[in-house]
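Summary of the model geometry
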Amino acid sequence: MAILVILLLATSSLPSAALAASSPAAFSFFLACGASSVVSFPRDNPARSFTPDGDYLVSSHNTQTLTNANSNSAAASPLYSAARASSSPFSYKFAIPGGSDAQAAAFLVLRLHFFPFAASLQSGVSISSARFAVSVGRDDAYTVLSAFTPPSAGVVKEFFIPSAASGGDFRVTFTPDAGSSAAFVNAVELFPAPAELLWNSSVTQVGAAANADMATWQQEALETVYRLNVGGPKVTKENDTLWRTWLPDDPFLYGPAGLSMVNSTDTPIVYAGYTSEVAPDIVYRTQRATNASAGTEFVQPALFNITWTFPAEARSKYLVRLHFCDYELMSSVVGVGIMFNVFIGPDMGTEDLMPTKSPIVAQSNQAFYLDYAATAPATGNLTVSIGKSVKSSADEGGFLNGLEIMRLRPSDGWTAWRASKRRRTVLIATLSAVLGASVLACAALCLVILLRRRRHLRRPAPEADNKDGSTLPWSPYTQDSSGWPMEPSSRSGEGTTTGAMQRVGTQQLHIPLEDLKEATGGFHERNLIGVGGFGNVYRGVLRDGTRVAVKRATRASKQGLPEFQTEIVVLSRIRHRHLVSLIGYCNEQAEMILVYEYMDKGTLRGHLYGFDDGESAPPPLSWKQRLEICIGAARGLHYLHTGYSENIIHRDVKSTNILLGDGYIAKVADFGLSRVGPSFGETHVSTAVKGSFGYLDPEYFKTQQLTDKSDVYSFGVVLFEVLCARPVIDQSLERDQINLAEWAVASQRRGHLDRIADPRIAGQVNENSLRKFAETAERCLADYGQDRPSMGDVLWNLEYCLQLQETHVRRDAFEDSGAVGAQFPEDVVVPRWVPSSTSFLTTGDPDDTALTVSDVNAANSKVFSQLSAGEGR
């Protein structure tokens, strides 16, 4: 075994030029499972044909061929017109050649296509709810999927499986879970990975990854979970010789848009030591680089990072591959050139990386990559960051062209061996503890006697720790967290707003007043887009071109310092795709200004029944759009309640605090009234009642006891507002219809949903979807919080409503597991210890009716949800 490990390590250290690349055409298998004829893809590079799978089935008598009832839809790939399914295990067997051909097959590329369509005939097997495991290799050595249910939109899973050089049979086995209806597959791809693709260069271990593990890593399977063309467009299988898909990196970026810029080149890419089969040249032709001006225009400190964040399986091991290509001309002057740091998670991956001095790179436009072994943290999020080194003399702060992340899938035998080893270790440790107990007791007795004898001796003061005081350049991992501002009636012992603001100041969110005056034309009236309880809202453009909304407090505003500070503290500590984010703030010259990214689609209420500034209502939202908006808002609230280290209660959920961005992505806004929820062991927070008429939880109003179920009640009102498209309080209606919540619940119980629903969506709503939606809203409006669902349950029900609505809709399946779009949560959650400085817009409410406020006719803003007077809310 020792000799084998030495040989593996020696092989991995060979220069890349010594390993010949091979073509995947040496042998390959492409199966259209369940198909009756060949499915060809002439546009693939190279072209491919998927053949029927019958000749490769180990036994076909227990399987069924299913046909897609909607196979003629343009949304479905020809590969997904059929599937092979069974309610019992079934296998495919492939003969892998030995001899010289096997030299190219140290690893096999396996792709499995899953698209759970509705079958055209009643076969007794349903694949829409299939749940199964997939094992591969000789004797099913690797379980690559377990308890797996493919998403309704389809997915392609990609794996790299070790293959014996002697060749032999390679099996792929599908095993339904107990109680599951079936296992199925639509297509199978199997071909040798080029020898240069894996373990062809040294691997840097970061964090908890140990050097001793690397020899075993090269004997285990890998699953591709992310594959990104950084700074570039989507790359399809037609433009990749290994038929991979590379997604754009934008959805994974953390931080305001001004932090990075995209570069490109038309100069031919140079490969040295490997070929374009590692990554196509289209990936190396674009890159995302740090924007040097972001550090000089008060967007960020001078040293900042570009960060990408990826949901990952907690404590799993990952191989992270970063692709680079320096477009700049080489310089013979010592010290000239880009120098930057690479971070994998919170750990340093490569310090002071300088491509122009790297032994890998000999000229400009030469592609190269670096591999890192990392372990995902307990939070489950894996991040990759690049940033300027403190030693760099250039303005640039780093670049990245491509990114791949693969998860280690140990063989079942190796897993069992490790479990057995752990059991033996526990047994030995137990025996050692028992045998050593008497020794420890004797030692303790001696120590007590010694201490008594020396009790009169003075204990020397301990020496001060000699710690390195240096810190990393600015990154999400070096920021200190801030406290929470509390109201005067809050619990004793909690932080004050002053202390919180002092700590927030360290997060570099401050924007000079002069910059904001320049961005808004001196707060000119032509840029005024809203007026509310807090003050005026202006549109503006920062120096880096970022469009912003600037919320400026008026001196007469009763919503002053506490809510201003709360908004900054909350938004600087949380980050979520469906929560509005803060660009910065200004508190100079007695000004209180908040700056958010501008979102020109405005508020949800404006799209339901028009804005209050005289502007006509936009085209009505479809029922599907309304469901997706509600799901997005529910995701944001669910994160507030459960996704952060402390339970955060929004306390002002309403349709004007839900903003719509590009693609009608919903974001929850306006955190000025937010509060930390009850601590462990407590049931509520006692606090003064604040909120908005029509949305206020009656139990909270009566008892002044705040819980996250108060947000659930308010969200239930929003759900009926979405369904009915009318104000929550309308004095012009009959008495029993004035309050939307009361009227809607009464109508729901009488079965009169058709009478209250917005007539503009008539004919497009699935009956079951509508019924489930109304039931969910009614449960949210229960009189007592304990009878209401959690926000997680509300989210689940709304997603089910969308599924019911889309039962007849088929969407494209993903073409590569590197995309993993189907399994990538839309909630891009940054780890809890990452503060936010991301640029998104917040909003306001034109029409908030405070509990004791008389000026209920204040002008509305279609962009911001403004807060009413402090004592009233």
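Residues numbered from 1 in each chain as written. Predicted model: local features only at pLDDT ≥ 70, side-chain atom pairs only at ≥ 80, totals over all residues. Heavy atoms only, no water.

1. Concerning the overall build of the protein
Along its length, the protein carries 15 helices and 38 strands. Contacts spanning at least 24 positions in sequence make up 75% of the contacts within the protein whose residues lie at least 6 apart. Summed over its atoms, the accessible surface of the protein is roughly 37300 Å², and 53% of this surface lies on carbon and sulfur atoms. (Helix = DSSP H or I, 4+ residues; strand = E, 2+ residues; numbered from the N terminus. Contact = heavy atoms within 4.5 Å. Areas by Shrake-Rupley, 256 points an atom, 1.4 Å probe, with all protein chains shown as cover.)

2. Brief notes about the pairing of strand S20 (residues 305–311)
Of all the 7 residues making up S20, 7 are buried; the element is thus mostly covered by neighbouring parts of the structure. Alternating residues of S20 divide into Asn 305, Thr 307, Thr 309 and Pro 311 and Ile 306, Trp 308 and Phe 310, and every residue in both groups is buried. Two elements, strand S17 (residues 253–254) and S20, share 2 bridges in a ladder whose sense is antiparallel. Looking at S20, one finds that Tyr 254 is bridged to Thr 307. Bridge count between S20 and strand S25 (residues 381–388): 7 bridges; the pairing is antiparallel. The partner of Trp 308 across the bridge, within S25, is Val 384. (Buried < 20%, exposed > 50% of the residue type's maximum accessible area, 1.4 Å probe, protein only. Pairing = 2+ DSSP bridges.)

3. A short note on the packing of aromatic side chains
Under the counting rule described, the total for this entry stands at 33 aromatic pairs. With 6.1 Å between their ring centres and 40 degrees between their planes, Phe 30 and Phe 191 make a pair best called tilted. Here Phe 191 lies in strand S13 (residues 187–192) and Phe 30 lies in strand S1 (residues 29–32), a separation of 161 residues in the sequence. Residue Phe 30 shares its accessibility class with Phe 191, and that shared class is buried. Residues Trp 796 and Tyr 800 carry aromatic rings whose centres are separated by 5.6 Å and whose planes lie at 25 degrees to one another, so their mutual orientation is stacked. With a gap of 4 residues between them, Trp 796 and Tyr 800 both fall in helix H15 (residues 791–805), about one helical turn apart. The class of Tyr 800 is partly exposed, set by a relative accessible area of 33%. By the ring-pair criterion, three or more aromatic residues cluster together here, those being Phe 27, Phe 29, Tyr 56, Phe 90, Tyr 92, Phe 94, Phe 114, Phe 132, Phe 148, Phe 174 and Phe 184. In this structure, Arg 552 packs its charged tip against the face of Phe 523, placed 4.1 Å from the ring centre. (Phe/Tyr/Trp six-rings, centres within 6.5 Å; stacked < 30°, edge-to-face > 60°. Lys NZ or Arg CZ within 6 Å of the ring centre and 35° of its normal.)

4. Side note on the packing of helix H11 (residues 708–724) against helix H14 (residues 767–780)
One way to put it is that H11 packs onto H14 with a least axis distance of 7 Å and a crossing angle of 145 degrees. Crossing angle aside, the handedness with which H11 passes H14 is left-handed. When H11 is examined against H14, the residues Val 712, Tyr 713, Gly 716, Leu 719, Phe 720, Val 722 and Leu 723 are found in contact with a partner set consisting of Leu 770, Phe 773, Ala 774, Thr 776, Ala 777, Glu 778 and Cys 780. A per-class count over the contact of H11 with H14 returns 11 nonpolar, 2 polar and 1 charged. (Axes fitted to C-alpha atoms, helices over the stretch in contact; angles between N-to-C directions. Left-handed = near helix turned anticlockwise from the far one by under 90°. Nonpolar A, V, L, I, M, F, W, Y, C, P; charged D, E, K, R; others polar.)

5. Structural notes on the sheet that holds strand S18 (residues 260–264)
By definition, the strands of a sheet pair up through backbone hydrogen bonds, in either a parallel or an antiparallel sense. Read from one edge of the open sheet, 3 strands run S18-S19-S26, paired in antiparallel fashion. The two strands at the open ends of the sheet, each matched to only one other strand, are S18 and strand S26 (399–400). Pairing analysis gives 2 bridges linking strand S19 (residues 286–290) to S26, with the strands arranged antiparallel. Bridging from a neighbouring strand, Ala 289 pairs with Phe 399 of S26.

6. Quick look at the sheet that holds strand S4 (residues 64–67)
Spatially, the 3 strands line up as an open sheet ordered S4-S5-S12, and their pairing is antiparallel. With partners counted over all chains shown, the strands left at the sheet margins are S4 and strand S12 (183–185), one partner each. Taking each pair of neighbouring strands and ignoring which way they run, the sheet shows an average axis angle of 30 degrees. With 4 bridges connecting them, S4 and strand S5 (residues 82–86) associate as antiparallel partners. Within S5, the position partnered with Leu 66 by the bridge is Ala 83.

7. Some details on the packing of helix H9 (residues 623–643) against H11
In helix packing, the relevant descriptors are the interaxial angle and the interaxial distance, both defined with respect to the helix axes. Running from N to C, H9 and H11 cross one another at 170 degrees; their axes reach a closest spacing of 11 Å. As far as their axial angle goes, H11 and H9 are roughly antiparallel. Counted together, Trp 623, Arg 626, Cys 630, Ala 633, Ala 634, Leu 637 and His 641 of H9 and Asp 708, Asp 711, Phe 715, Leu 719, Val 722 and Leu 723 of H11 form the full contact between these two elements. Here the contact of H9 with H11 is composed, by residue class, of 9 nonpolar, 1 polar and 3 charged. (Parallel < 35°, antiparallel > 145°, perpendicular 65-115°, else oblique.)

8. Observations concerning the environment of Ser 77
When you line up the elements, Ser 77 lands in the loop between S4 and S5. Judged by its relative accessible area of 15%, Ser 77 is buried.

9. Focus: the pattern of salt bridges
Under the criterion given, the structure shown has 30 salt bridges. The shortest N-O distance in the salt bridge between Arg 788 and Asp 697 comes to 2.6 Å. Residue Arg 788 is located in the loop between H14 and H15, and its partner Asp 697 is located in the loop between strand S37 (685–686) and helix H10 (698–703); the two are separated by 91 residues in the primary sequence. Summarising the burial analysis for this pair, Arg 788 and Asp 697 share the class buried. Because the salt bridges share partners, they merge into one network encompassing Asp 44, Arg 48, Arg 111, Glu 158, Glu 189, Arg 227, Lys 237, Glu 238 and Glu 404. (Salt bridge = Lys/Arg side-chain N within 4 Å of Asp/Glu carboxyl O.)

10. Things to note about the environment of Arg 552
Relative to the elements of secondary structure, Arg 552 occurs in strand S30 (residues 547–553). A relative accessible area of 24% means that Arg 552 is categorised as partly exposed. As a C-alpha pair, Arg 552 and Ile 593 span 41 residues in sequence and 4.5 Å in three-dimensional space. In contact with Arg 552, not counting residues within four places along its chain, are Phe 523, Phe 534, Gly 535, Asn 536, Tyr 538, Glu 591, Met 592 and Ile 593.

11. Let's talk about helix H12 (residues 740–750)
When we look at burial in H12, the residues that qualify are Leu 740, Ala 741, Trp 743, Ala 744, Val 745, Ser 747 and Gln 748. The inward-facing, buried residues of H12 contact H11, helix H13 (753–756) and H14. Immediately beyond the C-terminal end of H12, within one or two residues, lies Gly 751, with a positive phi of roughly 75 degrees.

12. Comments concerning H11
When the terminal C-alpha atoms of H11 are compared, their 25 Å separation across 17 residues agrees well with the 24 Å that a helix rising 1.5 Å per residue should span. The first or second residue beyond H11 is Ala 725, which carries a positive phi of 55 degrees. (Expected span 1.5 Å × (residues − 1).)

13. Observations concerning the nonpolar core
Counting residues in hydrophobic clusters, the biggest one holds 81 residues, and the most contacted among them are Phe 94, Phe 114 and Phe 174. Every residue in contact with Phe 174, bar those within four places of it in the chain, is listed here: Ser 88, Pro 89, Phe 90, Tyr 92, Leu 112, Phe 114, Phe 132, Ala 133, Val 134, Ala 183, Phe 184 and Val 185. (Core = buried A, V, L, I, M, F, W, Y, C linked by side-chain atoms within 4.5 Å.)

14. Digging into unusual backbone geometry
The residue after Asn 45, namely Pro 46, is reached through a cis peptide bond having omega 0 degrees. The topology assignment puts Pro 46 in the loop between strand S2 (39–41) and strand S3 (48–52). We note that Ala 147 has phi near 50 degrees; this positive angle belongs to a residue other than glycine. Take Ala 147: it is sitting in strand S9 (residues 142–148).

15. What to know about the pairing of strand S11 (residues 168–176)
Note on strand geometry: in a regular strand, side chains alternate between the two faces of the sheet. Pairing analysis gives 7 bridges linking strand S6 (residues 90–96) to S11, with the strands arranged antiparallel. Opposite Phe 90, over in S11, you have Phe 174 as the bridge partner.

16. Observations concerning the confidence of the model for the protein
Across the protein, the average pLDDT comes to 74, with 68% of residues at or above 70. Note that residues 296–300 has pLDDT below 50 and, in this model, 16 contacts with residues that lie over four places away or in other chains. Ignoring residues within four places in sequence, the model shows residues 455–507, a span with pLDDT below 50, making 91 contacts including any to other chains. (pLDDT = per-residue confidence, 0-100.)

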